[in-house]
Protein chains: 2
Amino acid sequence: MSVTFAQGFRAAGVAAGISAVEGKKDVALVVNDGPLDAAAGVFTFNRFCAAPVRWSRKAVADGRIKAVILNSGGANACTGEAGYAQSEATAKTVADLIGAKAGDVAVCSTGLIGELLPLDNVLAGAKAAHAALADDDQAGADASHAIMTTDTKPKTVRLEGAGYRIGGMVKGSGMIAPQLATMLCVITTDAVVSAGQLQAALLAGVDTSFNRIDVDGCMSTNDTVLLLASGASGVEPDPDEFNRLVADACASLARQIIGDGEGASHDIRISVTGATSEEAALACGRAVAASNLLKCAISGNDPNWGRIVSSLGTVPADVAPYDPDKVTVDVNGVRICENGGAGRDRSEVDMTPREVHIDIDLNAGDAQATVWTDDLTHEYVHINADYES
Amino acid sequence: MSVTFAQGFRAAGVAAGISAVEGKKDVALVVNDGPLDAAAGVFTFNRFCAAPVRWSRKAVADGRIKAVILNSGGANACTGEAGYAQSEATAKTVADLIGAKAGDVAVCSTGLIGELLPLDNVLAGAKAAHAALADDDQAGADASHAIMTTDTKPKTVRLEGAGYRIGGMVKGSGMIAPQLATMLCVITTDAVVSAGQLQAALLAGVDTSFNRIDVDGCMSTNDTVLLLASGASGVEPDPDEFNRLVADACASLARQIIGDGEGASHDIRISVTGATSEEAALACGRAVAASNLLKCAISGNDPNWGRIVSSLGTVPADVAPYDPDKVTVDVNGVRICENGGAGRDRSEVDMTPREVHIDIDLNAGDAQATVWTDDLTHEYVHINADYES
């Protein structure tokens, strides 16, 4: 379903021989048939950003995108001017097929860093995908499959507003750190909205979703989130509802990334309350989410609160003022740390659910924030010691 | 050998039933017989610092320490006033045994966070250790064994200056992050030096050693480094030589921690050259050292330079100015990344040595820094999913 749930969009996913996995779909195409072609994008902060990121950042700068071409099987990152030329050639090929300009086409790539793409395969894939374009559920599903790498399942969303729809797809399960932990994401809507509205909604939505998840603390070179509006519903949405739905779509997709984190056996929700500011709560949540020791303990079903508070304790006092002697920690509803010391026995905590809730109260103020992470397992090491992309 | 290599020091290590491992030595005592009792200390920045850290920080504030009592089997962290009273009682017991004041005795603990110590065992261990005190090699070795937890081997150092000696021991293999990645360390010298000289030498030594290693990015609640001087050699050292030897002792012990990092199969040296400042080089080195993805790749003998540069790319430009297109990366002497892109084929890199050298040239200036880390293995996850201390 995914990106074709919104009216005015066609999509396709085809196998073009880019991925090392024989027969895997590896090229996706999303085309906005309008009448609008409004678009917004946010991109990785990584200074070694990939060629397609540099291309797409420029393409979306005018608030207009008519199509997005995405490939798995190669990131086209750290490939210099030759890599940039590949992104440009790919955009040009798609533009010719749909009767647009290259600057109206965004390009996204994911896979191994440091190698050029097999360009002939990419361009042939673009043509095959164009020929396969459709606006039905299967076409959306095919596109969401074509962008997968270590993902074990496609990740999609669909939401309905008052007379309009939002659909989306994302790929990502490793190299996921706060600050746009997405890898690649395309969200579509048939609402009638301007590029400015899209950009504001997307920034706010990303801030509370993709910027608050952390699989492994590693920031990608290729992170891209695009939001495209066709206006095909003819409905001008209530701005508050629209912003909320975009945020919900981002949150759903981010949650699905955590649910499919590389090798993960537990999804961990870390809620920090009682902070003096949202920034303080977020800094504390991120510090806990980044702890390899805690993530290993959770994979061993050990609600090790010592590793929670020792991570909290690394956040400087000027960033998050609180008194360590007043901190409480609940894991799955059991208060195992009270006033900065031992509370109820940790053997009381039921660690059988996949989802683990860590609730930290700093008892210093009224602000709160929630971040998500995964546990650290043998399987994560296995995937990343042996995977070459 | 370790702490008893310097004249004027006696030590012991005994089993007191604190550790969960039957019969393991778990109490160490180091006594400075003088004539001097000058001392310096540096401690964890963790806001949830343990009771013994709070005690010892106060004890060393006057620049004088006559004895250090250390235990494994329990960290006495997040134990509130009751935990502080345990540290105080332990210091008092040792002080009575050696005819000193409680404030002349430093206390160090390591093990599980959040539980009080079995105080009777600790005090009985202190008495047994006092009865066993000796200035020979075996006594120093016993002490270095008694502070081990997940360490697979004792870590000690001995160095000779012009007429004086320096000895030391450290424990630590997990919960090791920059900013005093030591867990517990005691260094002794028989040189005639003031507390002020000791503190200056120790701060400088720690800055280029324990502050530049990273096993798992996790900062301990109990990190303590103590430097004690007996003056028993009667030699006033050349200040430059003395500072250099203290730095060498710290560097040797820090290197041994990396060599025994939990589950590690490779020790990784990351050298960053061509930076605009030492701080910039250090920020880049630490970012690379913190990458779980890179650490997994190295455990799989994959010199994945894409994961090196993607980590470099997360350092903000105002912290470390450089041009990504001018960066080179050598792994074990093979330049696999040139001008920010692919260089020689990574299959040329010999990954069989335990030690892996990653040499990054930012080509932006003349400053450099080196940090050390370990690879991330199945065994690290196993140890930290199943270990409860």
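Quick caveat, the model's predicted, so the values are computed rather than measured. (Residues numbered from 1 in each chain as written. Chains lettered and ligands numbered in written order. Predicted model: local features only at pLDDT ≥ 70, side-chain atom pairs only at ≥ 80, totals over all residues. Heavy atoms only, no water.)

Quick look at the interface of chain B and chain A now. At the interface, 52 residues of chain B touch 52 residues of chain A. By the criterion of area lost to chain A, the three top residues of chain B are B:Arg47, B:Phe48 and B:Leu293, representing 19% of everything that side buries. The interface formed by chain B and chain A includes zero salt bridges. On the surface where chain B and chain A come into contact, there are 16 residue pairs in polar contact (both at pLDDT 80 or more). Sorting the residues of the side of chain B that touches chain A by element identifies helix 8 (292–299), helix 9 (305–312), strand 14 (341–342) and helix 10 (378–386) of chain B as the ones contributing at least two each. Taken together, the residues that form the side of chain B that touches chain A break down as 28 nonpolar, 18 polar and six charged. (Contact = heavy atoms within 4.5 Å. Buried area = accessible area lost by both parts, 1.4 Å probe. Salt bridge = Lys/Arg side-chain N within 4 Å of Asp/Glu carboxyl O. Polar contact = N/O pair within 3.5 Å; in protein donor to acceptor, adjacent residues only side chain to side chain. Helix = DSSP H or I, 4+ residues; strand = E, 2+ residues; numbered from the N terminus. Nonpolar A, V, L, I, M, F, W, Y, C, P; charged D, E, K, R; others polar.)

Turning next to the pattern of salt bridges. Where charged atoms from two side chains of opposite charge approach closely, those side chains can pair. Across all of its chains, the model carries 37 salt bridges over all chains by this definition. A salt bridge links A:Glu348 to A:Arg344; its shortest N-O distance comes to 2.7 Å. According to the relative accessible area criterion, A:Glu348 is partly exposed, its value standing at 41%. Among the residues examined, A:Arg344 registers a relative accessible area of 45% and is labelled partly exposed. Among the salt bridges present, the one from B:Lys171 reaches B:Asp151, with a minimum N-O distance of 3.8 Å. Taken together, the residues B:Lys171 in strand 7 (residues 165–171) and B:Asp151 in the loop between helix 4 (137–146) and strand 6 (155–160) connect sequence positions 20 residues apart. Judged by its relative accessible area of 2%, B:Lys171 is buried. Through salt bridges with shared partners, a single ionic network connects A:Asp151, A:Lys155, A:Lys171 and A:Asp260. (Buried < 20%, exposed > 50% of the residue type's maximum accessible area, 1.4 Å probe, protein only.)

Bringing the pairing of strand 8 (residues 184–189) of chain A into the picture now. Along a regular strand, successive side chains alternate from one face of the sheet to the other. All names here are of chain A. Within strand 8, six of the six residues are buried, which leaves the element mostly enclosed by the surrounding structure. Neither face of strand 8 is open: one carries Leu184, Val186 and Thr188, the other Cys185, Ile187 and Thr189, and all of them are buried. Strand direction decides the pairing type here: strand 7 (residues 165–171) and strand 8, joined by six bridges, are antiparallel. Bridged to glycine 168 within strand 8 is isoleucine 187. (Pairing = 2+ DSSP bridges.)

The next thing to look at is the environment of A:Gly174. Residue and element names in this part refer to chain A. Tracing the sequence through the fold places glycine 174 in the loop between strand 7 and strand 8. On a C-alpha basis, the gap between glycine 174 and threonine 149 in space is 9.5 Å, while along the polypeptide they are 25 residues apart. Once residues within four sequence positions are removed from consideration, glycine 174 is found in contact with Thr150, Met183, Asp216 and Glu262.

Moving on to the UniProt feature "binding site: substrate" (unreviewed entry) in chain A. All names here are of chain A. Taking the numbering used here, the UniProt-annotated feature "binding site: substrate" (unreviewed entry) corresponds to Thr149, Lys171, Thr182, Glu262, Asn384 and Ser389. If you trace the backbone, threonine 149 turns up in the loop between helix 4 (137–146) and strand 6 (155–160). Judged by its relative accessible area of 23%, threonine 149 is partly exposed. (UniProt positions renumbered as here; feature names shortened; annotations may be inferred.)

All told, the structure shown has six aromatic pairs over all chains when counted by the stated rule. Ring geometry for A:Phe48 versus B:Tyr322: centroids 6.2 Å apart, planes at 35 degrees, classification tilted. Linking A:Phe48 in the loop between strand 3 (38–43) and helix 1 (51–59) with B:Tyr322 in the loop between helix 9 and strand 12 (328–331), this pair reaches from one chain into another. Geometry around B:Trp372 places B:Arg255 over its ring, the cationic atom sitting 4.2 Å from the centre. (Phe/Tyr/Trp six-rings, centres within 6.5 Å; stacked < 30°, edge-to-face > 60°. Lys NZ or Arg CZ within 6 Å of the ring centre and 35° of its normal.)

Turning our eyes to something else, we now look at helix 9 of chain B. Since one α-helical turn is 3.6 residues long, residues separated by three or four positions face the same way. The buried count for helix 9 of chain B comes to eight of eight residues, which makes it a mostly enclosed element. Within the sequence span of helix 9 of chain B, burial applies to B:Trp305, B:Gly306, B:Arg307, B:Ile308, B:Val309, B:Ser310, B:Ser311 and B:Leu312.

Before going further, it helps to examine the domain arrangement of chain A. All names here are of chain A. Examined at the domain level, chain A breaks down into domain 1 (2–259) and domain 2 (267–386). Each of domain 1 and domain 2 has a C-alpha centre, and these two points are 32 Å apart. In terms of surface lost to domain 2, no three residues of domain 1 exceed Arg212, Arg255 and Ile258, which account for 50% of the buried area on that side. One can count three salt bridges joining domain 1 with domain 2. Salt-bridge contacts for glutamate 278 lead to arginine 212; the nearest nitrogen and oxygen are separated by 2.6 Å. In this structure, the connection of domain 1 to domain 2 is made through ten residue pairs in polar contact (both at pLDDT 80 or more). Taken together, the elements giving at least two residues each to the side of domain 1 that touches domain 2 come down to strand 9 (213–214) and helix 6 (239–259). Per-element accounting of the side of domain 1 that touches domain 2 gives the leading share, four residues, to helix 6. Considered class by class, the residues forming the side of domain 1 that touches domain 2 number five nonpolar, four polar and four charged. (Domains from an automatic or database assignment.)

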